[in-house]
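Here are the chains, one letter per residue:
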Amino acid sequence: MKKKDKPFKQFRFPQFGSLHRGWSSLIILFVFVLVLSIVPSLFHMGRRVYFSANYYPFTLCIDDQDTILIPGDIYLKQGKHKVDVYFGSDILATSVINVHPYLFFSPLIEGKQKVYIEIPEQKIDENENRIIRFFLRGAAEEAVYFSSSPQFRIRSVYSDLQSMLGTERLLKYSNVLKEASRLISSAPVLSDAMKVGIKAQLPVFENDEIRDKNVSIDPSLDIAEFEEINDTEFAVLSNGVRIAINETTEAEWQAFIDDNPMWQKDNKDTLIKAGLVDDCYMDGFSASGEKAVVNISPNAVMAYCKWFSNKTGYRASLPDKALLASLSIKNNAFDKDIYVSGSNAVSSLLGGVWEMTGDVFEPQYYIDGKRTEFIEFEKYGVSLPIELFGGSYLNSSLSKDELRELSGVATMQTCAETIGFRIGLYE
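Residues numbered from 1 in each chain as written. Predicted model: local features only at pLDDT ≥ 70, side-chain atom pairs only at ≥ 80, totals over all residues. Heavy atoms only, no water.

A.B. asks: Would you mind going over the packing of aromatic side chains with me for this structure?
C.D. replies: Two numbers describe a pair of aromatic rings. These are the distance of the centres and the angle of the planes. Counted by the stated rule, this structure contains 15 aromatic pairs. Pairing phenylalanine 135 with tyrosine 158 gives two aromatic rings, centres 5.4 Å apart and planes at 80°, and the pair type is edge-to-face. Residue phenylalanine 135 is found in helix α4 (residues 128-141), and its partner tyrosine 158 is found in helix α5 (residues 158-165); the two are separated by 23 residues along the sequence. A relative accessible area of 3% places phenylalanine 135 in the buried class. For tyrosine 158, a relative accessible area of 2% gives the class buried. Seen from their ring centres, phenylalanine 374 and phenylalanine 377 are 5.6 Å apart, and the 85° between their planes marks the pair as edge-to-face. According to the relative accessible area criterion, phenylalanine 374 is buried, its value standing at 8%. Ring pairing ties together the aromatic residues Phe234, Trp253, Phe256, Tyr304, Trp307, Phe308 and Phe421, which thus form one cluster. (Phe/Tyr/Trp six-rings, centres within 6.5 Å; stacked < 30°, edge-to-face > 60°. Helix = DSSP H or I, 4+ residues; strand = E, 2+ residues; numbered from the N terminus. Buried < 20%, exposed > 50% of the residue type's maximum accessible area, 1.4 Å probe, protein only.)

Below, the structure is given as structure tokens:
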């Protein structure tokens, strides 16, 4: 006997009371969707919020604590948050936002909550000069990259200026852009400048190093005698200049910071905020009398020279590159470490550590064969990078002649373990 097939039982939503079955089905479906929407919010107490603005990049501070660069995103808890847009210490805009719950459909429709902040035109007008100064400082810092000296972080400086000021305001600063373009000497910076229509001649340097053919060497320069001034040994040169026979040591630097507490390592954060040093300042410092002091910025060295001048009555400063190159002709030994020799000679002129000089680094000078004026930089109080001389213990593969012609570079904030200094005294 053939088995009868059981009739198919159609699924139906349960019926609520006297409600029509169709209405009951809609209610159940609504509750189901509501549960799916609310339950995820119990496990996600916040969401990522993406901030943008009409002018950028500026610093965004949330609830006076977390900071990000705008445009950018950050994870925030649900609820209201106070946000401030800063340029330096000035507030450009303030707003209160409400972070919505993270519901089920949010990832499908809107992965991040988007917040747009309108920065008033008046605030940009008020900070226009400071923005230009910030740009010029960035252009100076990004001027050049050397394989043999510390690597700088590549960032957008030219395109940032356009987005911070707007195209119309940018038209007023053609001279500023023209001067800044003379500092371009790396492909990434040139690419950034081209985004805002700036054309510049990109220098071609062998192995990312500049050969300075214009240094005037005086082979007749000689040492007349030696003398000690303020516990530092100096050689008196035939031209009347006194030059320290060794790079400044950690012990000598300790004497300076003892008299000038603001330059103590404990104040590094304050010095960084003031734009005087970077985050490597005095790293590895041990106050040893046998080691050249490194991880010191040119800004800090300027303060050291002023202190030394006040102590001795001489005018202390960084020697120029031509003087160091001339001395290296007769003192051409290559130093393989950063320890001072202590001998009665001007030592460590080649190798050891790169030495800061009193010469400003001007890339176009090496291309055009003539010195370039940087009026806008001076007008806005921005210092150009300085030149370094002599290579470091890492440059042992270069010949002595190559080392004399090799130019390093450091911004006024740069601190590096391969850069030191010695001072010269002038009547």
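A.B. asks: Help me understand the pairing of strand β7 (residues 113-117) in this model?
C.D. replies: Side chains Gln113, Val115 and Ile117 of β7 all project onto a buried face; the interleaved residues Lys114 and Tyr116 project onto a face where none is buried. Where strand β1 (residues 46-53) meets β7, 5 bridges bridge the pair, whose relative direction is parallel. Within β7, the residue paired with alanine 53 across the bridge is isoleucine 117. (Pairing = 2+ DSSP bridges.)

A.B. asks: Sorry, what's going on with the packing of α4 against helix α7 (residues 174-181) here?
C.D. replies: For any two helices packed against each other, the geometry is given by the interaxial angle and the distance between the axes. Where α4 meets α7, the closest approach of the two axes is 10 Å, and the angle between their N-to-C directions is 15°. As far as their axial angle goes, α7 and α4 are roughly parallel. As for the relative orientation of α4 and α7, their crossing is right-handed in sense. Mapping the contact onto sequence places Ile132, Phe135, Leu136 and Ala139 in α4 and Val176, Leu177 and Ala180 in α7. For the contact of α4 with α7, the per-class residue count stands at 7 nonpolar, no polar and no charged. (Axes fitted to C-alpha atoms, helices over the stretch in contact; angles between N-to-C directions. Parallel < 35°, antiparallel > 145°, perpendicular 65-115°, else oblique. Left-handed = near helix turned anticlockwise from the far one by under 90°. Contact = heavy atoms within 4.5 Å. Nonpolar A, V, L, I, M, F, W, Y, C, P; charged D, E, K, R; others polar.)

A.B. asks: Any chance you could explain unusual backbone geometry here in plain terms?
C.D. replies: Both trends apply: most residues other than glycine have a negative phi, and most peptide bonds are in trans. For the peptide bond that leads from tyrosine 56 to proline 57, omega is 0°, which places it in the cis range. If you trace the backbone, proline 57 turns up in the loop between β1 and β2 (58-62). Between isoleucine 70 and the following residue, proline 71, the backbone shows a cis peptide bond with an omega angle of 5°. Turning to its location among the elements, proline 71 is positioned in the loop between β3 (66-70) and β4 (72-77). Despite not being glycine, methionine 282 has its phi angle at roughly 60°, a positive value. Note that methionine 282 resides in the loop between α10 (268-273) and α11 (298-312). Judged by relative accessible area, which is 2%, methionine 282 ranks as buried. Positive phi, normally seen in glycine, also occurs at serine 348, with a value near 60°.

A.B. asks: Would you explain α4 in this entry?
C.D. replies: Residue pairs three or four apart in sequence face the same way in an α-helix, which turns once every 3.6 residues. For α4, spanning 14 residues, the distance from its first C-alpha to its last is 20 Å, which sits close to the expected 20 Å at 1.5 Å a residue. Among the residues of α4, Glu128, Ile131, Ile132, Phe135, Leu136, Gly138, Ala139, Ala140 and Glu141 are the ones counted as buried. (Expected span 1.5 Å × (residues − 1).)

A.B. asks: I keep staring at the pattern of salt bridges and nothing clicks. Help me out?
C.D. replies: Between side chains of opposite charge, a pair can form when the charged atoms approach closely. The tally for this structure, following the rule as stated, stands at 19 salt bridges. For aspartate 125, the salt bridge goes to arginine 169, with nearest N and O atoms at 2.9 Å. With a gap of 44 residues between them, aspartate 125 in helix α3 (residues 121-126) and arginine 169 in helix α6 (residues 167-170) connect regions that are remote in the sequence. Of the charged contacts in the structure, one is a salt bridge between glutamate 355 and arginine 422, with a shortest N-O distance of 2.6 Å. One end of the pair, glutamate 355, is in strand β15 (residues 354-360); the other, arginine 422, is in the loop between β18 (419-420) and β19 (424-426), with 67 residues separating them in the sequence. The exposure class assigned to glutamate 355 is buried, which follows from its relative accessible area of 0%. (Salt bridge = Lys/Arg side-chain N within 4 Å of Asp/Glu carboxyl O.)

A.B. asks: Can you walk me through the sheet that holds strand β9 (residues 223-229) in this structure?
C.D. replies: Remark on secondary structure: sheet strands pair via backbone hydrogen bonds, oriented parallel or antiparallel. What the 5 strands build is an open sheet, ordered β9-β10-β11-β19-β12; its pairing is antiparallel. Of all the strands in the sheet, the pair left with one neighbour each is β9 and β12 (315-317). Averaged over all adjacent pairs, the angle separating strand axes in this sheet is 30°, with direction ignored. The pairing of strand β11 (residues 242-244) with β19 spans 2 bridges and is classified as antiparallel. Paired with isoleucine 243 across the bridge in β19 is glycine 424.

A.B. asks: Help me understand the packing of helix α9 (residues 250-259) against α11, please; the structure alone is not making it clear to me.
C.D. replies: Axis separation between α9 and α11 bottoms out at 11 Å; the angle between their running directions is 80°. Put simply, α9 runs roughly perpendicular to α11. Of α11, the residues touching α9 (which contributes Glu252, Trp253, Ala255, Phe256 and Asp259) are Ala300, Val301, Ala303, Tyr304, Trp307 and Lys311.

A.B. asks: Looking at this structure, I do not really get the nonpolar core. What am I missing?
C.D. replies: The tendency in soluble globular proteins is for nonpolar side chains to be buried as a group. Counting residues in each nonpolar core, the largest one holds 54 residues, and the members touching the most others are Trp253, Trp263, Tyr281, Phe308, Phe421 and Ile423. Per-element accounting of this core gives the leading share, 7 residues, to α11. When sequence neighbours within four positions are dropped, the list of residues in contact with tryptophan 263 reads Phe256, Ile257, Leu271, Leu276, Val277, Tyr281, Met282, Asn299, Ala300 and Ala303. If you look at the next biggest cluster of nonpolar residues, it comprises 50 residues, including Ala53, Leu76, Ile124 and Leu177. (Core = buried A, V, L, I, M, F, W, Y, C linked by side-chain atoms within 4.5 Å.)

A.B. asks: I tried to follow the environment of leucine 403 on my own but got confused; where do I start?
C.D. replies: By secondary structure assignment, the location of leucine 403 is in helix α15 (residues 400-405). The buried category is assigned to leucine 403, whose relative accessible area is 1%. C-alpha of leucine 403 to C-alpha of leucine 350: the two residues are 53 residues apart in sequence and 6.7 Å apart in space. The contacts of leucine 403, once residues within four sequence positions are left out, are Phe334, Leu350, Phe389, Gly390, Gly391, Asn395 and Leu398.

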